[in-house]
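# Structural overview for review
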Amino acid sequence: WSSDVCSSDLRFRLETEYSEGYVDDYGSVVMPLEADRLVPEAIRQRFRGEDDQGAVAEAVPVRRLVTFTVAGEACALPVDEVERVIEYRQQMRVPPGRHKFTDAIEVGGAVVPLIDVRPQMRAEAPESVPGACLVTRLGRHGYALAIDRLERLLAVPEKAIEEIAGDRGPVVGIGRLDERPFWILSARRLVEAAAG
């Protein structure tokens, strides 16, 4: 080994090692530990912070969804199709006209058509009152989609979503989370189906 005297320290470098150590004032040999040499790279990557992860692994593409329950089915809408979520409130009847909607509710000072999503997911008429509404906007018009229960926001990896081809019905895909499937719906298709 070789040594250099610096103030009160005796520094040395082992000929066969990359680490550099020193002898402190008490005569103890101090060797700094190098994580790169002691812990394999694969294990270090698993414990890096989120800020470090971006440099190590490619970002996994995800789709952000609002999940909810309709007629006993787990469903979701893309976050960008939901303007807001409100509690279900008493609907009002809409006078007959050129539109096809018969019910509406007040949302933020405006009256918007109310669409009960439950009959579109199941043939029989719903027996209970909806628990919430997802408010969506198509062009200049707002719509309230009545659902049974709001669940949560999810970021689902794209690889866990299977698109459904065709343009019939409100279901545009099937997602999987913890091996449990859920339907991915289209707000536009829900409104078009209700408009008949």
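Residues numbered from 1 in each chain as written. Predicted model: local features only at pLDDT ≥ 70, side-chain atom pairs only at ≥ 80, totals over all residues. Heavy atoms only, no water.

## Considerations on the packing of aromatic side chains
Geometry of an aromatic ring pair is reported as the spacing of the ring centres plus the angle between the planes. Put simply, the test is: Between the rings of Phe, Tyr and Trp (Trp by its six-membered ring), a pair exists once the centres lie within 6.5 Å; its type follows the angle of the planes, with under 30 degrees stacked, over 60 edge-to-face, and the other angles tilted. Numbering of helices and strands runs from the N terminus; a helix is a DSSP stretch of H or I covering at least four residues, while a strand is a stretch of E covering at least two.
As enumerated under the stated definition, the model contains 1 aromatic pair in all. Centre to centre, the rings of Phe101 and Tyr143 are 5.7 Å apart; their planes meet at 55°, and the pair counts as tilted. Of the two residues, Phe101 is situated in the loop between β8 (92-93) and β9 (103-107) and Tyr143 in strand β12 (residues 141-147); the sequence distance between them amounts to 42 residues.

## Some details on the pattern of salt bridges
Counted only if it meets this: Here, a salt bridge means any side-chain nitrogen of Lys or Arg that lies within 4 Å of a carboxyl oxygen of Asp or Glu.
This structure, assessed with the given rule, holds 8 salt bridges. With a shortest N-O distance of 2.6 Å, Arg63 and Glu163 are connected by a salt bridge. Within this pair, whereas Arg63 is found in strand β5 (residues 62-70), its partner Glu163 is found in strand β14 (residues 161-163), the two being separated by 100 residues in sequence. Asp116 serves as the salt-bridge partner of Arg118, at 2.9 Å between the closest nitrogen and oxygen. When salt bridges that share partners are traced, they join Arg63, Glu158 and Glu163 into one network.

## Notes on the sheet that holds β9
To keep it simple, the criterion reads: The pairing criterion for strands is at least two bridges between them, as found by DSSP.
Spatially, the 6 strands line up as an open sheet ordered β7-β11-β12-β10-β9-β8, and their pairing is mixed. Of all the strands in the sheet, the pair left with one neighbour each is β7 (84-87) and β8. Summarising the sheet, β9 and strand β10 (residues 110-116) pair through 4 bridges and their orientation is antiparallel. Note on β10: the bridge partner recorded for Ala104 is Pro113.

## Let's talk about helix α5 (residues 187-195)
Where we set the bar: Three exposure classes are used, based on accessible area relative to the maximum for each residue type with a 1.4 Å probe and protein chains only: buried under 20%, partly exposed in between, and exposed over 50%.
Every buried residue belonging to α5 is among Ala187, Arg189, Leu190 and Val191, and all of these are buried. Of the residues trailing α5, Gly196 is marked for its positive phi of about 70°.

## Brief notes about the sheet that holds strand β6 (residues 73-78)
The line we're drawing: Every angle, taken between N-to-C directions, lies between 0 and 180 degrees, and every axis is a line fitted to C-alpha atoms, over only the stretch in contact when it is a helix.
With mixed pairing, 6 strands are arranged side by side in an open sheet as β13-β5-β6-β16-β15-β14. Edge strands, defined here as strands with exactly one partner in the open sheet, are β13 (149-157) and β14. Ignoring strand direction, the axes of neighbouring strands in this sheet form an average angle of 30°.

## Side note on the confidence of the model for the chain
Where we set the bar: Residue-level confidence of the predictor is what pLDDT reports, using numbers from 0 through 100.
Summarising the model, the chain shows a mean pLDDT of 77, and 66% of its residues fall at 70 or more. Within the chain, the lowest mean pLDDT, 45, falls on strand β1 (residues 2-6), and the highest, 94, falls on β6.

## Structural notes on the environment of Ile115
The cut-off we apply is this: What makes two residues a contact is simply this: any of their non-hydrogen atoms within 4.5 Å.
By the secondary structure assignment, Ile115 is in strand β10. On the basis of relative accessible area, Ile115 is assigned to the buried category, the value being 3%. Measuring from C-alpha to C-alpha, the distance between Ile115 and Ala146 comes to 5.9 Å, with 31 residues separating the pair along the chain. Dropping the residues within four chain positions of it, Ile115 is found in contact with Phe101, Gln120, Tyr143, Ala144, Leu145, Ala146, Leu190, Val191 and Ala194.

## A short note on the environment of Thr136
Convention followed: Under the rule applied, a polar contact is a pair of N or O atoms within 3.5 Å (in protein, one hydrogen donor and one hydrogen acceptor; residues adjacent in sequence only if both atoms are side-chain atoms).
Among the structural elements, Thr136 can be located in strand β11 (residues 132-138). Overall, Thr136 belongs to the buried group, its relative accessible area being 2%. Along the backbone, Thr136 and Asp80 are 56 residues apart, and their C-alpha atoms lie at a distance of 9.0 Å. Apart from residues no more than four positions distant in its own chain, Thr136 is found in contact with Glu81, Glu83, His141, Gly142, Tyr143, Leu145 and Ala187. There is a polar contact of 2.6 Å between the side chain of Thr136 and the backbone oxygen of Glu81.

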